[in-house]
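# Residue-level structural notes
This is what each chain is made of:
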Amino acid sequence: PTWFFDFNNDGYEDIFVGSYDSLAPKNMAAQTLADWLGKPFGAEPCILYMNNKNSTFTNVTKSIGLNHVLQPMGSNFGD
């Protein structure tokens, strides 16, 4: 799932790109556990892009603390 929303309330739309490994659902729990234990994992983490207010975006995933295997399957949020 991908969301366009203003996560930092600065008036500009930011982008969240979710990651879900639909080809290997049996590995989701193992990948998530490996991530949280600090071990290597094969899943791609989600990404959060902050709007720079000039038609460009910066990847702020790690600084926000979302650089983990989250495996979202749907899109729903409130802003």
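Above this note sits the structure.
Treat the numbers as computed from the prediction; the structure is a model and nothing was measured.

Helix and strand counts for the chain come out as two helices and four strands. Counted from the first residue to the last, the chain has its helices and strands arranged as β-β-α-β-β-α. Within the chain, the fraction of its 79 residues that count as buried is 30%. In the chain, 56% of the contacts between residues at least 6 apart in sequence involve partners at least 24 apart. With the model as given, the accessible surface of the chain reaches about 5200 Å², and the carbon-plus-sulfur share is 57%.

On to the pairing of strand 2 (residues 14-17), then. Residues in a regular strand project their side chains so that they alternate between the two faces of the sheet. Bridging between strand 1 (residues 2-5) and strand 2 involves four bridges; their strand directions are antiparallel. Residue Phe4 lies in a different strand from strand 2, and its bridge partner there is Ile15. With three bridges joining them, strand 2 and strand 3 (residues 47-51) adopt antiparallel strand pairing. If you follow Ile15 over to strand 3, its bridge partner there is Tyr49.

All right, on to the sheet that holds strand 4 (residues 57-59) then. Across the sheet, four strands lie side by side as 1-2-3-4; this open sheet has antiparallel pairing. The strands lining the two open edges of the sheet, one partner per strand, are strand 1 and strand 4. Along the sheet, successive strands turn relative to each other by an average axial angle of 20 degrees, direction set aside.

Take unusual backbone geometry next. For residues that are not glycine, phi is negative in most cases, and the peptide bond is trans in most cases. The phi dihedral of Asn9 falls on the positive side, at around 55 degrees, and the residue is not glycine. Looking at where Asn9 falls in the secondary structure, it is placed in the loop between strand 1 and strand 2. The exposure class assigned to Asn9 is exposed, which follows from its relative accessible area of 63%. In this structure, Lys53 is a non-glycine residue whose phi angle is positive, near 65 degrees. A residue is classified by how much of its surface remains accessible, and Lys53, at 48% relative accessible area, is partly exposed.

On to the packing of aromatic side chains. Counted by the stated rule, this structure contains two aromatic pairs. With a centroid separation of 5.9 Å and an interplanar angle of 75 degrees, the aromatic rings of Trp3 and Phe5 are classed as edge-to-face. Accessibility expressed as a relative area gives 16% for Trp3, which makes it buried. Accessibility expressed as a relative area gives 14% for Phe5, which makes it buried. The rings of Trp3, Phe5 and Phe16 are connected pair by pair, giving a single aromatic cluster.

Cut-offs and rules
- Residues numbered from 1 in each chain as written.
- Predicted model: local features only at pLDDT ≥ 70, side-chain atom pairs only at ≥ 80, totals over all residues.
- Heavy atoms only, no water.
- Helix = DSSP H or I, 4+ residues; strand = E, 2+ residues; numbered from the N terminus.
- Buried < 20%, exposed > 50% of the residue type's maximum accessible area, 1.4 Å probe, protein only.
- Contact = heavy atoms within 4.5 Å.
- Areas by Shrake-Rupley, 256 points an atom, 1.4 Å probe, with all protein chains shown as cover.
- Pairing = 2+ DSSP bridges.
- Axes fitted to C-alpha atoms, helices over the stretch in contact; angles between N-to-C directions.
- Phe/Tyr/Trp six-rings, centres within 6.5 Å; stacked < 30°, edge-to-face > 60°.

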